[in-house]
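Each chain, letter by letter, is given below.
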Amino acid sequence: PLPAAGVRAVTYASDARAADREVSTFVLGLWRHGKRCSWDARLLRQVVGPVRHLLDEVRAEVVDVLARGPSDRPAMEALVRRVLLGHDESDKPISEPHLASLPLPSVLGPYPDGRVRRIALADFGGGDNSTRRAIVETAQVLLHGRELLDNGLGTGIVLGTEPDGQWLRAITKRSRTWATVTPLVQQAKELTGNEWKRLVEARRNAEQEPAKAAARELHLQKRRRELVERSVRQATESQEAGVESIEFASGGPLAAVHVATQYRATGYLGETPKLHVRVTFDCPITGPIAIGRGRHVGFGVLWPTDG
């Protein structure tokens, strides 16, 4: 038998395929007059919009801190704009990952009520890039103590870095099963206009032609699952985990999470259906994770449910 001394544990490659990824993430609390302030989670834009406005405000300050000199400033300005806002030099949205604003409904503790008292910011496209990490960390420092504005007017609500790290640990932990605490917005329309008409007609005549109605419903469910799985894979592709099962419904999978259709979504986010999702992977993966359309502005935020 081997002696106890000199023995060490070794992690082999097969055990490390889901190694932790690097995603610059921090959590800010919402405060008013020294007390927690809360928002209705169904009105995500009311909290995400002002936070993104503050990110725009601190851009120049981030550049001031990180630019090495006048010659470095234009390139740093362009990178900071892309990382913090997801905009190019012409202020047009870019398709590449950038800093996401993720409202965190209250689902921890003995009395979860689903209201938003904290918001996480995560750079999904950062990876191991030290410059992007410095941009995000500098923004975190500059956002602390800033007041949210509503159409240029003060709200009395101030952002503050969460001191104990409980919520950061929760959303960045490893878990096999994750569930939405804000609904996924499908990336595309589930059916064409003609397909919807045929489905509505089949539902109307379900008693006379049950097989036809069942076939139409099956087609919708198959298409819906394909779109959900595509969103999940796109958000987790760097972690090399396989999808074991996906469940979706309009109702929230966790306590105090609202029905998906109750969340206000305008513009491009109102063009496609909203769903709540529970997904299980074949191995634990690391958060934070947000899926689907609008994943950078608060929709499709996943919560770890293992344990």
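Here, the structure is the one placed above.
Report follows, based on the coordinates. (Residues numbered from 1 in each chain as written. Predicted model: local features only at pLDDT ≥ 70, side-chain atom pairs only at ≥ 80, totals over all residues. Heavy atoms only, no water.)

### Things to note about the pairing of strand E10 (residues 274-286)
Spelled out, the test is: A simple rule labels every residue: compare its accessible area, found with a 1.4 Å probe on the protein chains alone, to the largest value its type can have, and call it buried under 20%, exposed over 50%, or partly exposed in between. Secondary structure counts use DSSP, requiring at least four H or I residues in a row for a helix and at least two E residues in a row for a strand, with both numbered from the N terminus. We treat two strands as partners when DSSP finds at least two bridges between them.
Of all 13 residues in E10, 10 are buried; the element is thus mostly enclosed. With 5 bridges connecting them, strand E7 (residues 174-180) and E10 associate as antiparallel partners. What sits directly across from Ala179, in E10, is Arg278. When strand E8 (residues 184-185) meets E10, the two strands line up antiparallel, connected through 2 bridges. Considered in E10, the bridge of Val185 is made with Lys274. Bridging between strand E9 (residues 243-249) and E10 involves 6 bridges; their strand directions are antiparallel. Looking at the pairing, Ser245 lines up with Thr280 of E10.

### Comments concerning the packing of helix H2 (residues 73-85) against helix H3 (residues 130-143)
Here is the rule we go by: Comment: axis = line fitted to C-alpha atoms, over the contacting stretch for helices; angle = value between 0 and 180 degrees taken between N-to-C directions. We call two directions roughly parallel when the angle between them is under 35 degrees, roughly antiparallel when it is over 145, roughly perpendicular when it lies between 65 and 115, and oblique otherwise. The handedness criterion is simple: a crossing whose near helix is rotated anticlockwise from the far helix by less than a right angle is left-handed, and one whose near helix is rotated clockwise is right-handed. By definition, residues are in contact when any of their heavy atoms lie within 4.5 Å. Ten residue types, Ala, Val, Leu, Ile, Met, Phe, Trp, Tyr, Cys and Pro, are classed as nonpolar, four, Asp, Glu, Lys and Arg, as charged, and the remainder, Gly among them, as polar.
At a minimum axis distance of 10 Å, the contact between H2 and H3 shows a crossing angle of 70°. As judged from the angle between their axes, H2 and H3 are roughly perpendicular. Of the two possible hands of crossing, H2 and H3 adopt the one that is right-handed. Taking contact as the criterion, the partners of Met76, Leu79, Val80, Val83 and Leu84 in H2 are, on H3, Thr131, Arg132, Ile135, Val136 and Ala139. For the contact of H2 with H3, the class distribution of residues is 8 nonpolar, 1 polar and 1 charged.

### Considerations on the pairing of strand E3 (residues 99-105)
Among the 7 residues of E3, 7 are classified as buried, and the element is accordingly described as predominantly covered. Both faces of E3 are covered, namely the face carrying Leu99, Ser101, Pro103 and Pro105 and the face carrying Ala100, Leu102 and Leu104.

### Thoughts on the pattern of salt bridges
What counts is decided by this rule: Definition used for salt bridges: Asp or Glu carboxyl oxygen within 4 Å of a side-chain nitrogen of Lys or Arg.
Counted according to the given criterion, the structure contains 17 salt bridges. Residue Arg81 is joined to Asp91 by a salt bridge in which the shortest nitrogen-to-oxygen separation is 3.3 Å. Of this pair, Arg81 sits in helix H2 while Asp91 sits in the loop between H2 and E3, and the two are 10 residues apart along the sequence. According to the relative accessible area criterion, Asp91 is partly exposed, its value standing at 43%.

### Brief notes about the nonpolar core
The tendency in soluble globular proteins is for nonpolar side chains to be buried as a group. Basically, it comes down to this: In plain words, nonpolar cores are sets of buried Ala, Val, Leu, Ile, Met, Phe, Trp, Tyr and Cys residues tied together by side-chain atoms within 4.5 Å.
Core analysis: the biggest nonpolar cluster contains 56 residues, and Leu30, Val62 and Leu84 have the highest contact counts within it. Of all the elements in the fold, those that place two or more residues in this core are strand E1 (24-32), helix H1 (45-66), H2, E3, strand E4 (116-123), H3, strand E6 (153-161) and helix H4 (166-171). With 9 residues, H1 is the largest single contributor of residues to this core. Apart from the residues lying within four places of it in its own chain, the contact partners of Val62 are Val80, Leu84, Ile135, Thr138, Ala139 and Leu142.

### Digging into the packing of aromatic side chains
For clarity, the cut-off: Note on aromatic contacts: the rings of Phe and Tyr and the six-membered ring of Trp form a pair at centre separations within 6.5 Å, being stacked when their planes are under 30 degrees apart, edge-to-face when over 60 apart, and tilted otherwise. Any Lys NZ or Arg CZ found within 6 Å of a ring centre and within 35 degrees of that ring's normal is scored as a charge over the ring.
What the rule picks out here adds up to 1 aromatic pair. A ring pair is formed by Trp167 and Trp303, whose centres lie 5.6 Å apart and whose planes are at 65°; its orientation type is edge-to-face. Residue Trp167 is located in helix H4, and its partner Trp303 is located in strand E11 (residues 302-304); the two are separated by 136 residues in the primary sequence. Here Trp167 and Trp303 have matching classes, each one buried. The ring of Phe124 is capped by Arg295, whose NZ or CZ atom sits 4.4 Å from the centre of that ring.

### Quick look at the packing of H1 against H2
In the contact formed by H1 and H2, the axes pass within 9 Å of each other and the chain directions differ by 150°. Considering the angle they form, H1 stands roughly antiparallel to H2. Every pair of crossing elements has a handedness; the one defined by H1 and H2 is right-handed. Contacts between H1 and H2 involve Arg52, Leu55, Asp56, Arg59, Ala60, Val62, Val63, Asp64 and Leu66 from the first element and Arg73, Met76, Glu77, Val80, Arg81, Leu84 and Leu85 from the second.

### Notes on the environment of Leu302
Along the chain, the position of Leu302 falls in strand E11. Through-space distance from the C-alpha of Leu302 to that of Pro288 is 7.4 Å; in sequence the pair is 14 residues apart. If sequence neighbours within four positions are ignored, Leu302 has contacts with Trp178, Ala179, Thr180, Val279, Ile289 and Ile291.

Bear in mind that shape data such as this cannot, by itself, settle questions of function.
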